[in-house]
Amino acid sequence: VNVIDVYRKQWYQRRVRGHKVGLTKEEIEETVRISKEAVSLDISDGTSWYILGNAYLAQFFLCGQASNVLKCSLNAYTKASDDQKVLSDPDYYYNKAIVSKYLDDYRSALTYFSEALSVDPRFAECKKELESLNDQISKTHSLVVNKGKLKAKKVAALMKSLKEKFYSQNSSKVVMVPFSELENGPNKEKVFNCVLVSSVVPMGQTPFVCICLDAHDTCFAVNIYNIDTFKAPKLGDILTIPFPHRSIVDIVVAGEAYCFGLIRVDSPFQIMVNNRQLSNDVLAPLKLTTTAMT
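What you see is a predicted model; the values in this text were computed from it and never measured.

### Topic: the overall build of the protein chain
Then step 1. When helices and strands are tallied, the protein chain shows nine helices and twelve strands.
Then step 2. Taken over 294 residues, the protein chain has a buried fraction of 53%.
Then step 3. Within the protein chain, counting contacts between residues at least 6 apart in sequence, those at least 24 apart form 67% of the total.
Then step 4. Of the roughly 14000 Å² that the protein chain leaves accessible, carbon and sulfur atoms contribute 51%.

### Brief notes about the packing of aromatic side chains
Centre-to-centre distance and the angle between the planes together describe a pair of aromatic rings.
Then step 1. Across all of its chains, the model carries 13 aromatic pairs by this definition.
Then step 2. Here the aromatic rings of Tyr50 and Tyr77 are separated by 5.9 Å at their centres, their planes lie at 55 degrees, and the arrangement is tilted. Taken as a pair, Tyr50 in helix H3 (residues 46–62) and Tyr77 in helix H4 (residues 67–80) lie far apart in primary sequence, 27 residues in all. Judged on exposure class, the residue Tyr50 and its partner Tyr77 are both buried.
Then step 3. Aromatic rings pair up to connect Tyr50, Tyr77, Tyr92 and Tyr93 into one cluster.
Then step 4. For Arg264, the ring lying beneath its charged end belongs to Tyr225, and the centroid distance is 4.1 Å.

### Concerning the packing of helix H2 (residues 25–41) against H3
Then step 1. Following both chains from N to C, one finds H2 and H3 inclined at 155 degrees, their axes separated by 9 Å at the closest point. With respect to each other, H2 and H3 are oriented roughly antiparallel. Where H2 crosses over H3, the handedness of that crossing is left-handed. On the side of H2, the interface is formed by Lys25, Ile28, Thr31, Val32, Ser35, Lys36, Ala38 and Val39, while H3 contributes Ser48, Trp49, Ile51, Leu52, Ala55, Tyr56, Ala58, Gln59 and Leu62.
Then step 2. Of the residues belonging to the contact of H2 with H3, the class tally is eleven nonpolar, four polar and two charged.

### So, the packing of helix H7 (residues 106–119) against helix H8 (residues 124–145)
Each packed pair of helices is defined by two parameters, the angle between the axes and the distance between the axes.
Then step 1. In the contact formed by H7 and H8, the axes pass within 10 Å of each other and the chain directions differ by 155 degrees. The orientation of H7 relative to H8 falls into the category roughly antiparallel. Note on packing geometry: the crossing formed by H7 with H8 is left-handed. Where H7 abuts H8, its residues Tyr106, Ala109, Leu110, Phe113, Ala116 and Leu117 lie against Cys126, Lys127, Glu129, Leu130, Leu133, Asn134, Gln136 and Ile137.

### Looking at the pairing of strand E9 (residues 256–265)
Consecutive side chains along a regular strand alternate between the two faces of the sheet.
Then step 1. Most of E9 is tucked away, with seven of its ten residues classed as buried.
Then step 2. Pairing of strand E6 (residues 219–224) with E9 involves four bridges; the strand directions are parallel. Note that in E9 the partner of Ile224 across the bridge is Val265.
Then step 3. As paired elements, strand E8 (residues 245–253) and E9 share nine bridges and run antiparallel to each other.

### Concerning the layout of surface pockets
Then step 1. By volume, the largest pocket is sized at about 330 Å³.
Then step 2. Leu103, Asp104, Asp105, His245 and Ser247 are, among the 16 residues lining the largest pocket, the residues nearest its centre.
Then step 3. Where the lining of the largest pocket is concerned, the elements lending two or more residues are H4, H7, E8 and E9.
Then step 4. Element by element, the count of residues in the lining of the largest pocket is highest for E8, at six residues.
Then step 5. A per-class count over the lining of the largest pocket returns seven nonpolar, three polar and six charged.

### Details of unusual backbone geometry
Then step 1. Located in the positive-phi region is Lys147, a residue other than glycine, with phi close to 50 degrees.
Then step 2. Tracing the chain through its elements places Lys147 in the loop between H8 and helix H9 (152–168).
Then step 3. Phi at Asp217 is positive, roughly 70 degrees, even though this residue is not glycine.
Then step 4. Following the sequence through the fold, Asp217 ends up in the loop between strand E5 (208–213) and E6.
Then step 5. You can call Asp217 partly exposed: its relative accessible area is 34%.

### Observations concerning the environment of Trp49
Then step 1. Mapped onto the fold, Trp49 is located in helix H3.
Then step 2. Along the sequence, Trp49 and Ser81 sit 32 residues apart, while their C-alpha atoms lie 8.8 Å from each other.
Then step 3. With residues near it in sequence (within four places) discarded, Trp49 still touches Val39, Ile43, Ala76, Lys79 and Ala80.

### Focus: the side chain of Asp45
Then step 1. Mapped onto the fold, Asp45 is located in the loop between H2 and H3.
Then step 2. Residue class for Asp45 comes out buried when judged on its relative accessible area of 17%.
Then step 3. A distance of 3.2 Å separates a polar side-chain atom of Asp45 from the backbone nitrogen of Thr47.

What counts, and where the lines are drawn
- Residues numbered from 1 in each chain as written.
- Predicted model: local features only at pLDDT ≥ 70, side-chain atom pairs only at ≥ 80, totals over all residues.
- Heavy atoms only, no water.
- Helix = DSSP H or I, 4+ residues; strand = E, 2+ residues; numbered from the N terminus.
- Buried < 20%, exposed > 50% of the residue type's maximum accessible area, 1.4 Å probe, protein only.
- Contact = heavy atoms within 4.5 Å.
- Areas by Shrake-Rupley, 256 points an atom, 1.4 Å probe, with all protein chains shown as cover.
- Phe/Tyr/Trp six-rings, centres within 6.5 Å; stacked < 30°, edge-to-face > 60°.
- Lys NZ or Arg CZ within 6 Å of the ring centre and 35° of its normal.
- Axes fitted to C-alpha atoms, helices over the stretch in contact; angles between N-to-C directions.
- Parallel < 35°, antiparallel > 145°, perpendicular 65-115°, else oblique.
- Left-handed = near helix turned anticlockwise from the far one by under 90°.
- Nonpolar A, V, L, I, M, F, W, Y, C, P; charged D, E, K, R; others polar.
- Pairing = 2+ DSSP bridges.
- 1 Å grid on protein atoms, 1.4 Å probe; cavity = no way out; pocket = protein on both sides within 12 Å on 5 of 7 lines; lining within 4 Å.
- Points joined across faces, edges and corners; volume = space filled by probe spheres on them.
- Polar contact = N/O pair within 3.5 Å; in protein donor to acceptor, adjacent residues only side chain to side chain.

Have a look at this one:
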């Protein structure tokens, strides 16, 4: 119990964010283990749930950026909401916003950033994250609407190359479909091809946002996590994405309406680029630092 008390003091108030230096994977895994133990001692303790949520969020950055870890973090934060002390903490809303942002749930992320600022209007890092997300959404929407802002002749050449690849990827094991035939959420036994026409690298360099066209001339975004942006797909590369997870971003920010389709890719190993599997050196696992507020 003494060890748990130490971790409670260390992890109660944390702003979690991926960086190039900081905590190790082993330290984060130990924190998750002890945080789970603390919750098991009193499942009604909101502070313990909050600490567990922080630990899971830290694990996301160091252990592959998997969406299921973020969902565990969000679940823990939700269970922490019965604690009034937690609800008065701007970092609680800030960390929930970070989770939502990396789950590609931009509507919730913007809401939680705003709630953090309502508790602490001088929260400079939160303002920076909010502005960055607004910028990412705006740039992505503009590039999707304008097909990467490429000239018609260039788009036509890319589409020709894509259609040739589209048919060569056909297989009896999966169904080749265009973006419009994908359902929201996971799409089992489906695969589709698209060509990259532009990209966006947000603050923090994750996810790598690909602006893509499918063979039916539909433009949308593909968020690829855990990839080195310097080794990411480039203009004209053809992406093959099996079992795609689709969503629609449809929000209003500062009076401006933004709407575009989105595919989430947790790992670059889930896709093929120009009919080739990517090598291990494309991964970009982040180390982590956290800022404790006292």
